[in-house]
There are 2 protein chains.
Amino acid sequence: MSLVLPSTGRRVPCEQCPLRKRAAFRDFSAAELKFVSSFKTGELTAEAGAVILSEGAHSAHLFTLLSGWAFRFKMLDDGRRQILNYLLPGDLVGLQGSVIGEMEHSVEALSPLVLCVFQRDRLDELFRHHSGLGFDVTWLAAREERMLDDHLLSLGRRTALERAAYLLAFLHERAQSVGLGNGTVHIPLTQQHVADTLGLSIVHTNKTLRKLTNKGLIRWMGRSCEVLDALELRRVAGWEGPFERVRPLI
Amino acid sequence: MSLVLPSTGRRVPCEQCPLRKRAAFRDFSAAELKFVSSFKTGELTAEAGAVILSEGAHSAHLFTLLSGWAFRFKMLDDGRRQILNYLLPGDLVGLQGSVIGEMEHSVEALSPLVLCVFQRDRLDELFRHHSGLGFDVTWLAAREERMLDDHLLSLGRRTALERAAYLLAFLHERAQSVGLGNGTVHIPLTQQHVADTLGLSIVHTNKTLRKLTNKGLIRWMGRSCEVLDALELRRVAGWEGPFERVRPLI
DNA sequence: CGTTGGCTTGAAAACCATCAAATAGGGTGG
DNA sequence: CCACCCTATTTGATGGTTTTCAAGCCAACG
């Protein structure tokens, strides 16, 4: 469950990347596309439950998630786990490790993944010769910061019900923006993941999700959650957070 | 209390910046220093309690904090407040607003401040002509992310006592690294700030801080906190977080 | 058909918020 | 200088929220 499968080599050329065609991502110039394409050394696939990056690792790789769901998390010595954020297609994975030099969180797959693998040691080349892409990397880091700010507000000042509503509205919003789920969005989570995101026990999480289910806002199906009324979830959470903006895809 | 005082113009030349001499910050090349110096348009002073940047503002400025303490926060509609992180000398202020275009949090001064003011519209020039500085901006954003990750772990999975110990150890560590307080560090906070950082009520915060006081780890003095035993605070928190690294100062 | 992982529920205990009130200190106007 | 007000801190009592403990259900899978 914790092994990363060997790379299967390149399959999706950046110029024909199916993600890039989506309106959620900004257009790249030919020169930018060419660099990104050369920056990518291959692809990596992983199965659900696989640990992609581990806390403490020094030579962490840099990836972009091409398809699938994953999450970042940290653990305390006694086993308590906190999920920090979720990773969806188009997200950079491992930037902290690449820039600062050491990973301080781990990354685990929620579903089967495909990742684009980049050459970390060419990151400075990216900044030197494609300053627009360098700015984009900063933009993506600022976007992550914005999400973490929202999560902190949630953990610190929202009630259990508000937190749960916020989380599901948030994940629904992100899934929508990259075109996951035709019509209804299915989020591949267990209630344990929700608990470890919201800072609640599994028991109380279950009771809280039941309230949302009884209001007809979500439906829990095996290992996944279907969002039925995203706007009402936002209202319950008191979340006026922004809808996703057009963003770069590296 | 919420007015930013007018700029007092340039007083500290970047080449003789007292902060830059500290071991906490990496050496800059002459070219880098020259650019940063031209990037800076002046200084801004603010008194304790002043709001430097407001949620929702579109034309946010970009600053570096030269001296003093401040904090970033968000609010819910009904007045609940969450403090997201603290700003100490050397920290970039307003990067999210500068990069993404809109502030989604506010910034307030905890003590009298001096800020270096930068021309936001020359940020692309920084990335174009000084890729090393562009990388530095990303590095600082990744550092902020790392701190937010730690805070999320704290809010989600630590007990009230552990959270309080973590926060004070964290602030002590940061103050030490920029040379605040000769010998003992004094953190300019009220218990309301601590409560709004830890996601606790003011009453419970008071009782929790009292336990740390009774253990001889801190001393509460009026509107500030003195850390007496930072290592024991870390131990109580179970925080093995990194000591500050050498970092860029823009 | 037994095992496993995920979901569900009830009861008791711990934790934390809220309410209420008292204390202490700084600042201001008289 | 003193009376007064304001903010910050402190403490006790009470009630609500959440955790912990315990148990049971169900579907998937060998």
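Residues numbered from 1 in each chain as written. Chains lettered and ligands numbered in written order. Predicted model: local features only at pLDDT ≥ 70, side-chain atom pairs only at ≥ 80, totals over all residues. Heavy atoms only, no water.

Going by what an unreviewed UniProt entry lists, chain A is known as Crp/Fnr family transcriptional regulator and is assigned to Devosia ureilytica.

S.K.: How would you explain the protein's contact with DNA strand C if you had to name every residue and give the values?
M.R.: Near DNA strand C you find 15 residues, and of these Gln191(A), Asn206(A), Arg210(A), Trp220(A) and Gly222(A) are the closest. Near the protein, meaning within 4 Å, the atoms of DNA strand C are sugar or phosphate in a fraction of 71%, with bases accounting for the rest. A distance of 2.9 Å is found between a phosphate oxygen of DNA strand C and a side-chain nitrogen or oxygen belonging to Arg223(A). Between a phosphate oxygen of DNA strand C and a side-chain N or O atom of His204(B), the distance comes to 3.1 Å. (Near = heavy atom within 4 Å. Polar contact = N/O pair within 3.5 Å; in protein donor to acceptor, adjacent residues only side chain to side chain.)

S.K.: So, the protein's contact with DNA strand D: which residues are in play, and what are the values?
M.R.: As a matter of local geometry, DNA strand D sits amid 15 residues, with His204(A), Gln191(B), Asn206(B), Arg210(B) and Trp220(B) nearest to it. Backbone sugar and phosphate groups make up 69% of those atoms of DNA strand D lying within 4 Å of the protein. Residue Asn206(B) places a side-chain N or O atom 2.7 Å away from a phosphate oxygen belonging to DNA strand D. Between Lys207(B) and DNA strand D, the recorded distance is 3.5 Å, taken from a side-chain N or O atom to a base nitrogen. Elements supplying a minimum of two residues to the surface near DNA strand D: α7 (202–214) of chain A together with α7 (202–214) of chain B. No other element matches α7(B), which puts four residues into the surface near DNA strand D. Its residues assigned to classes, the surface near DNA strand D comprises five nonpolar, seven polar and three charged. (Helix = DSSP H or I, 4+ residues; strand = E, 2+ residues; numbered from the N terminus. Nonpolar A, V, L, I, M, F, W, Y, C, P; charged D, E, K, R; others polar.)

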